[in-house]
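# Descriptive structure summary
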Amino acid sequence: MTKENVQGAAEEEQQAQSKKGLKKQQKEAEKAAKKAEKQAKLAAEQQEADEDDFAKDRYGICPMVQSQQKLDRALVRVQDLTPEKAEQQIWVRARIHTSRAKGKQCFLVLRHQQFTVQALLAVGERASKQMVKFAANLTKESIIDVEAVVKKVEQKIESCSQQDVELHVERIFVISQSEARLPLQLEDAVRPEGEGDEEGRATVNQDTRLDNRVIDLRTTTSQAIFRLQSGVCQLFRDTLINKGFVEIQTPKIISAASEGGANVFTVSYFKTSAYLAQSPQLYKQMCICADFDKVFCVGPVFRAEDSNTHRHLTEFVGLDIEMAFNYHYHEVIDSITDTMVQIFKGLRDRFQTEIQTVNKQYPSEPFKFLEPTLRLEYKEAVAMLKAAGVEMGDEEDLSTPNEKLLGRLVKEKYDTDFYVLDKYPLAVRPFYTMPDPNNPKYSNSYDMFMRGEEILSGAQRVHDAQLLTERAMHHNIDLEKIKAYIDSFRYGAPPHAGGGIGLERVTMLYLGLHNVRQTSMFPRDPKRLTP
Amino acid sequence: MPMYKVKPVSPGDIKIDLPACMYKSPNIHAQGMNCGDHALQNGGVDPALERLEGRQDEVLRRLYELKAAVDGITKTVTSPDADLDVSTGSRLPAESVFRGTADLDSLLGKDLGALRDVVINASPGRPPLSLLVLHALLCQRYQVLSSVHVHSSVSAVPPSLLSCLGPRHTDSYARQRFQLGFTLIWKDVSELQMKFNTQSMCPIEGEANVARFLFRLLGAGPQDPVAATQMDCWIDTAVFQLAEGGSKERAAVLRSLNAALGRSPWLLGQEFSLADIVCACCVLRAGQASSAPVNVQRWLKSCQNLGHFDCVYPLLQ
């Protein structure tokens with residue numbers, strides 16, 4: 001290449017550069033001009049806004065509450081907003097359920113737990129246009145503090161729980177803002193399945209609910225279900241304490257599997273391993289041998305069953321009872337069934353609102369029971385099933401479909417959803433079950449059913465160390481592993497019996513729901529470990 | 001010329017495995033067995049044959065008896081001397097209430113191992129007094145497991161209704177030892193209802209109908225159709241006119257009761273029957289006992305003396 005060419009090329013480059021440079025400069029100039037224009041516009045708007053906004057201090061986003069000051073302000077709950085408070089100016093903290101702007105007005109529905117109330121913000125001498133716009137743009141589920149005057153309404157507001165009053169907003173501040181896109185809409189979560197299909201509206205399926213449990217639990221139905229569950233637990237405790245029972249807490253990390261080695265979780269325990277308790281069985285019995293006579297305990301139960309059914313969880317809350325009796329284990333059955341009946345009565349009398357709320361989304365028949373509880377014997381059940389056309393052996397265990405059929409037959413004849421089945425065959429029960437004295441093929445054991453599904457399995461326990469050893473050997477259980485258990489019966493043990501129920505299953509069956517995950521706050525099953 | 005021979009398809013002696021459900025009968029074509037000659041030679045008769053002949057004789061005898069009975073009835077009906085006056089009751093003796101032969105298996109169906117449980121749903125506002133009397137009668141005849149339950153549709157029931165079937169049987173923990181179950185459930189129902197075998201029977205409604213069912217379990221009602229019809233007539237009168245009628249109807253029924261009881265100690269004649277139970281209970285429940293005519297009061301006193309009505313009086317307050 002000659003120098004001239006190189007020079008020429010460089011010149012061309014320079015020229016090209018300057019052309020490009022020119023173009024670039026032009027573009028930048030345009031951009032700057034646009035930006036300046038925009039800024040000017042904004043500034044103009046801002047000025048306008050600032051000029052007109054006389055309500056600037058009556059709304060806004062509060063700084064995060066880090067306990068900066070201790071305000072002595074009384075916040076009224078939404079459920080207490082009744083016509084009695086008419087014309088009072090009060091503060092309310094609630095969530096935004098919906099917000100809708102209509103011209104110069106903004107309608108908000110504020111929600112706290114199951115209660116909703118309508119709030120109105122209108123452009124006027126107290127509220128500016130900007131304030132109304134701000135209110136209309138608030139995201140759903142944000143928590144806000146509202147100062148408002150309670151006003152009576154002539155026409156009932158059908159869509160809210162507080163139907164006789166409405167709030168006229170004076171001040172509105174955001175305490176905690178929610179993100180704009182919610183993973184699920186609350187009104188979809190409360191919609192009954194059938195309605196969703198008919199009208200083409202969305203319903204939320206179970207996995208989505210469980211993945212976003214925090215939002216799903218805010219729905220009126222979930223609030224009602226778990227309040228009722230809390231009632232079950234409370235009634236259980238109250239009834240048993242009144243009967244003279246003592247509440248105990250049993251260990252959940254144990255050295256040997258109690259119900260058989262198959263379905264137990266192993267945890268590493270320093271240099272060895274231990275197991276998570278499948279039931280408080282062994283410890284309840286030890287308490288009886290320790291002269292506590294009547295004990296109950298409420299605590300988690302861990303079952304490593306790989307069952308993906310509608311009624312199995314790997315972790316659930318067990319309500320267990322154990323009682324020493326005088327001469328016949330029916331004394332214990334009577335005590336347990338009376339406790340269950342008291343629980344049902346308490347729920348029927350004190351939780352009707354919750355039951356109705358759940359029924360709106362999940363309709364079902366009300367739960368029926370008899371007092372005293374109906375008790376049938378296993379042989380009778382087999383005869384009833386055979387009469388209905390089922391083929392089964394006399395000593396066969398009841399399969400799940402047979403249990404459901406039996407439940408329907410009992411419901412038809414006696415009109416009860418709750419009954420006890422007594423005297424199960426010995427072969428299908430665990431090794432610590434006491435055999436029937438009159439017939440060695442049967443045992444002193446019983447199951448209780450709600451709506452045709454089993455909720456409790458119990459029996460008179462073998463309280464004699466020798467008989468217990470024989471029964472364990474008969475079931476091919478390693479005696480070394482249960483040595484401590486057998487030892488507890490060697491120093492005088494009273495005859496005793498008991499049983500345990502699952503809190504989630506009882507709530508599910510009482511309300512007529514179909515999946516136990518609906519009654520477990522953060523359910524655990526073989527496929528789910530979070531939240 | 002040799003004939004066409006077919007080779008045998010199957011070998012001559014095949015071992016056949018006979019199934020266990022078949023039974024073997026002796027081969028009558030085998031040599032050396034001649035049953036008839038054998039027996040006749042000995043002069044005796046084959047015992048099976050004897051039994052068969054005996055059964056045949058028995059059947060023939062019963063047929064003759066039946067024929068004689070039918071002949072007797074035809075004579076009484078067709079002969080010009082027999083003047084059957086229906087209003088004074090039939091001539092054939094009526095079976096006594098307590099001496100009937102009833103078999104629960106034949107009345108209620110074979111026992112498959114389940115306790116035969118009669119379930120009665122009654123409203124606590126209208127206790128079925130006649131059924132309580134029948135329960136007392138049933139307890140005398142059979143081993144009855146009685147229980148009273150309160151259904152969840154009713155919130156509370158007075159203690160007298162909870163103990164109306166008497167004290168709990170000491171053996172009530174062993175359901176298998178009883179022949180019959182009597183379960184009374186106090187429930188919010190508009191009409192009294194009885195369920196027995198839901199697979200093969202529809203529920204029976206109405207106190208009178210349930211009373212008729214339970215009475216049949218006692219194994220005796222009047223056997224002849226005339227008396228049975230009269231009994232049904234009295235029961236219907238009691239249930240429709242005495243219990244549900246106006247004061248005029250009630251007065252009329254009391255008058256006819258009085259008239260009938262003037263002629264005989266019990267409504268159907270000499271024997272106590274379901275008609276007496278139901279009518280007495282209706283009179284007692286209507287509160288007319290003290291203002292009833294003379295014969296009716298005497299009859300109520302006789303009912304009380306029988307002892308079966310003791311369970312009813314505590315419920316009348």
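See the structure printed just above.
Residues numbered from 1 in each chain as written. Chains lettered and ligands numbered in written order. Predicted model: local features only at pLDDT ≥ 70, side-chain atom pairs only at ≥ 80, totals over all residues. Heavy atoms only, no water.

## As for helix α8 (residues 247-263) of chain B
Residues and elements named next belong to chain B. Formally: Secondary structure elements are defined from DSSP: runs of H or I of at least 4 residues count as helices, runs of E of at least 2 residues count as strands, and each element is numbered from the N terminus. Under the convention used throughout, the expected extent of a helix is 1.5 Å for every residue step, that is, one less than its residue count. Type-normalised accessible area, obtained with a 1.4 Å probe on protein chains alone, sets the label of each residue: buried when under 20%, exposed when over 50%, and partly exposed for intermediate values. In this description, one arc is meant: the one made by directions from the helix axis to the C-beta atoms. The contact rule is simple, with two residues in contact once any of their heavy atoms fall within 4.5 Å.
Compared with the 24 Å implied by 1.5 Å per residue over 17 residues, the 25 Å span of α8 between its first and last C-alpha is a close match. Among the residues of α8, those classed as buried are V253, L254, L257, A260 and L261. Seen end-on, α8 carries its buried residues on one side only, within an arc spanning 130 degrees. Set apart from the buried face of α8 by more than 90 degrees, the exposed residues are K248, R255, G262 and R263. Residues of α8 that are buried sit in contact with α7 (225-243), α9 (274-285) and α10 (294-306).

## What to know about the pattern of salt bridges
Residues and elements named next belong to chain A. We apply this condition: Basic side-chain nitrogens of Lys or Arg form a salt bridge, by our definition, when they fall within 4 Å of a carboxyl oxygen of Asp or Glu.
Using the criterion set out here, one finds 40 salt bridges over all chains in the structure. The shortest N-O distance in the salt bridge between D216 and R213 comes to 2.8 Å. Taken as a pair, D216 and R213 lie in helix α6 (residues 213-216) at a separation of three residues, close to a single helical turn. R213 matches D216 in its accessibility class, with the two residues each being buried. By sharing partners, the salt bridges in this structure join K284, D320, E322 and R461 into a single network.

## Quick word on the sheet that holds strand β12 (residues 294-302) of chain A
All names here are of chain A. Where we set the bar: Strands pair, by our definition, only if DSSP identifies at least two bridges between them. As a rule, the C-alpha atoms of each element are fitted with a line to give its axis, helices using only the stretch in contact, and angles between N-to-C directions run from 0 to 180 degrees.
A sheet is described by the order of its strands in space; here eight strands give the open sequence β8-β12-β13-β19-β18-β17-β16-β15, paired in mixed fashion. Unpaired on one side and paired on the other, β8 (246-247) and β15 (374-377) mark the two borders of the sheet. Pairing of β8 with β12 involves two bridges; the strand directions are parallel. What sits directly across from V246, in β12, is V295. Relative to the sheet, helix α12 (residues 400-414) contacts β15, β16 (418-422), β17 (445-450) and β18 (453-460), its axis offset from that of β16 by approximately 120 degrees.

## A look at the packing of aromatic side chains
Two aromatic rings, taken as a pair, are described by how far apart their centres are and by the angle between their planes. All names here are of chain A. Quick note on the threshold: Two rings belonging to Phe, Tyr or Trp (six-membered ring only in the last case) form a pair when the distance between their centres is within 6.5 Å. Interplanar angles under 30 degrees mark stacking, angles over 60 mark edge-to-face geometry, and anything in between is tilted. When the NZ atom of lysine or the CZ atom of arginine is within 6 Å of a ring's centre and also within 35 degrees of its normal, the charge is said to sit over that ring.
Under the definition given, this model contains 17 aromatic pairs over all chains. When the ring of F344 is compared with that of F418, the centres are 5.2 Å apart and the planes differ by 75 degrees; the resulting orientation is edge-to-face. One end of the pair, F344, is in helix α9 (residues 330-350); the other, F418, is in strand β16, with 74 residues separating them in the sequence. Each member of the pair, F344 as well as F418, carries the same accessibility label: buried. Between the aromatic rings of Y485 and F489, the centroid separation amounts to 5.3 Å while the plane-to-plane angle is 85 degrees, which identifies the pairing as edge-to-face. Through a chain of ring-to-ring contacts, the aromatic side chains of F344, F367, F369, F418 and Y510 assemble into a single cluster. Taking NZ or CZ as reference, R73 lies 3.6 Å from the ring centre of W91, over its face. Positioned above the aromatic ring of Y442, the side-chain terminus of K379 is 5.1 Å from the ring centre.

## Here we look at the nonpolar core
Residues and elements named next belong to chain B. Applied cut-off: Joining through side-chain atoms within 4.5 Å is the link that ties buried Ala, Val, Leu, Ile, Met, Phe, Trp, Tyr and Cys residues into a set, and such a set is a nonpolar core. Source of the domain bounds: an automatic or database domain assignment.
Counting 69 residues, the largest nonpolar core has I120, L134, L214 and W299 as its most contacted members. It is α9 that contributes the most residues to this core, 10 residues altogether. There are two domains that each give this core at least three residues, and those are domain 1 (110-218) and domain 2 (225-306). For L134, the residues in contact, after removing those within four places along its chain, are A211, L214, F215, L218, L274 and I277.

## Some thoughts on a positive patch on the surface
This is how it is decided: A patch consists of residues whose relative accessible area exceeds 30% and which take part in no salt bridge; residues with like charges are grouped when within 9 Å of each other, and nonpolar side chains (Val, Leu, Ile, Met, Phe, Trp, Tyr) when within 5 Å. Here the Shrake-Rupley method, with its probe set to 1.4 Å, supplies the accessible areas, and only the displayed protein chains count as covering residues. For this count, His and the chain ends are skipped, Lys and Arg are scored as positive, and Asp and Glu as negative. Lysine's charge is taken at NZ, arginine's at CZ, aspartate's at CG and glutamate's at CD.
Residues A:K19, A:K23, A:K27, A:K31 and A:K35 make up a contiguous surface patch of positive charge. Relative to the assigned elements, A:K27 resides in helix α1 (residues 3-52).

## Considerations on the interface of chain B and chain A
The test is simple: Buried area: the sum, over both parts, of the accessible surface (1.4 Å probe) that disappears when the two are put together. Think of a polar contact as two N or O atoms within 3.5 Å of one another; within protein, one of them needs to be a possible hydrogen donor and the other a possible acceptor, and neighboring residues in sequence only count if both atoms come from side chains.
Listed by partner, the interface residues are 26 residues for chain B and 25 residues for chain A. Buried area between chain B and chain A, summed over both chains or domains, comes out near 2200 Å², and the portion from carbon and sulfur atoms is 48%. Linking chain B with chain A are two salt bridges. A salt bridge links A:D415 to B:K187; its shortest N-O distance comes to 2.5 Å. Along the contact surface separating chain B from chain A lie 13 residue pairs in polar contact (both at pLDDT 80 or more). The biggest single contributor to the side of chain B that touches chain A is strand β2 (residues 144-151) of chain B, with four residues.

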